[in-house]
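# Working through the structure, step by step
Here is how the chains run, residue by residue.
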Amino acid sequence: MEAVVQIRGEVNMDQDIRDTLSMLNIHKVNHCALVPESETSRGMITKVNDFVAHGEPDRDVLETVLSKRAQPLEGSDDVDDEWIAENTDYDDIADLAGALLDDETSLREQGLTPVLRLHPPRGGHEGIKHPTKEGGQLGKHTTEEITTLLKAMR
């Protein structure tokens with residue numbers, strides 16, 4: 001499972017790339033989607049690579065992001081361990097995060113919105129015009145790099 005975060009806006013973006021972001025359930029800057037590992041999703045991520053940051057997150061930071069930013073599909077309840085135990089097949093957020101990382105389930109299957117609306121990164125981006133190899137924020141990140149980004153955006 002990969003976390004995909006839109007970094008750049010949609011100004012001067014091709015319609016094909018907008019459509020691909022829409023298929024990934026990413027509609028605005030700083031929105032994050034958890035995408036399962038498959039050839040189809042790998043191709044879509046490759047296509048939007050110049051506009052997103054992506055990588056496999058750490059379990060601890062995924063738990064933190066889910067506890068702060070996950071929202072139910074219906075209603076406006078806070079998603080916490082109690083809500084998870086009542087409305088999903090899992091006992092707490094830690095179990096759900098583990099299942100998401102292992103591609104056993106998805107947020108939508110558990111009654112949560114497939115998009116996590118994140119805060120802009122505290123301290124700012126390292127650069128939104130260059131890939132990670134050139135010191136920027138775009139493209140493939142290691143687990144440590146995506147974890148650092150998600151911690152800054154939680």
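Whatever comes next refers back to the structure up there.
Everything in this summary refers to the structure shown in the same document.

## A look at the sheet that holds strand S1 (residues 2-6)
Strand order in the open sheet formed by five strands is S4-S2-S1-S3-S5, with mixed pairing between adjacent strands. Each of the sheet's edge strands pairs with one partner strand only, and the pair in question is strand S4 (115-117) and strand S5 (139-140). As defined by bridge partners, strand S2 (residues 31-35) adjoins S4 across three bridges and the pair is classed as antiparallel. Directly across from histidine 31, in S4, lies its bridge partner arginine 117.

## Quick look at the packing of helix H3 (residues 59-69) against helix H5 (residues 93-101)
For the pair H3 and H5, interaxial distance at closest approach is 9 Å and the crossing angle is 120°. Viewed along their axes, H3 and H5 adopt a mutual orientation that is oblique. Where H3 crosses over H5, the two elements pack in a sense that is right-handed. Only Ile93, Ala94, Asp95, Ala97, Gly98, Leu100 and Leu101 of H5 make contact with H3, whose side of the interface consists of Arg59, Leu62, Glu63, Leu66 and Ser67. Tallied by class, residues from the contact of H3 with H5 come to seven nonpolar, two polar and three charged.

## With respect to the pairing of S1
Burial analysis of S1 places five of its five residues in the buried class, which makes it a mostly covered element. The two faces of S1 match: Glu2, Val4 and Gln6 on one face and Ala3 and Val5 on the other face are all buried. Relative to S2, S1 runs antiparallel, the two sharing four bridges. Residue pairing in the sheet places valine 5 in a bridge with cysteine 32 of S2. As paired elements, S1 and strand S3 (residues 52-55) share four bridges and run antiparallel to each other. Residue pairing for S3: glutamine 6 is matched across the bridge by valine 52.

## Section: the pairing of S3
Side chains of S3 alternate between two faces, with Val52 and His54 and Ala53 and Gly55 buried alike. Bridging between S3 and S5 involves two bridges; their strand directions are parallel. The residue of S5 that forms the bridge with alanine 53 is glycine 139.

## Some words on H5
Extensive coverage of H5 is indicated by the burial of seven of its nine residues. Listed as buried for H5 are Ile93, Leu96, Ala97, Gly98, Ala99, Leu100 and Leu101. Considering only its buried residues, H5 is in contact with S2, H3 and helix H4 (81-87). One or two residues past the end of H5 sits aspartate 103, with phi positive at roughly 60°.

## Here's the deal with H3
Among all positions in H3, only Val61, Leu62, Val65 and Leu66 are buried. Looking straight down H3, one finds its buried side chains confined to an arc of 135°; they lie on one side. Along H3, exposed side chains directed more than 90 degrees from the buried face belong to Asp60 and Lys68. Structurally, H3 contributes buried residues whose contacts are with S2, H5, S4 and helix H6 (143-153).

Definitions and cut-offs
Residues numbered from 1 in each chain as written. Predicted model: local features only at pLDDT ≥ 70, side-chain atom pairs only at ≥ 80, totals over all residues. Heavy atoms only, no water. Pairing = 2+ DSSP bridges. Helix = DSSP H or I, 4+ residues; strand = E, 2+ residues; numbered from the N terminus. Axes fitted to C-alpha atoms, helices over the stretch in contact; angles between N-to-C directions. Parallel < 35°, antiparallel > 145°, perpendicular 65-115°, else oblique. Left-handed = near helix turned anticlockwise from the far one by under 90°. Contact = heavy atoms within 4.5 Å. Nonpolar A, V, L, I, M, F, W, Y, C, P; charged D, E, K, R; others polar. Buried < 20%, exposed > 50% of the residue type's maximum accessible area, 1.4 Å probe, protein only. Arc of directions from axis to C-beta.

These results come straight from atomic positions and should not be treated as a statement about function.
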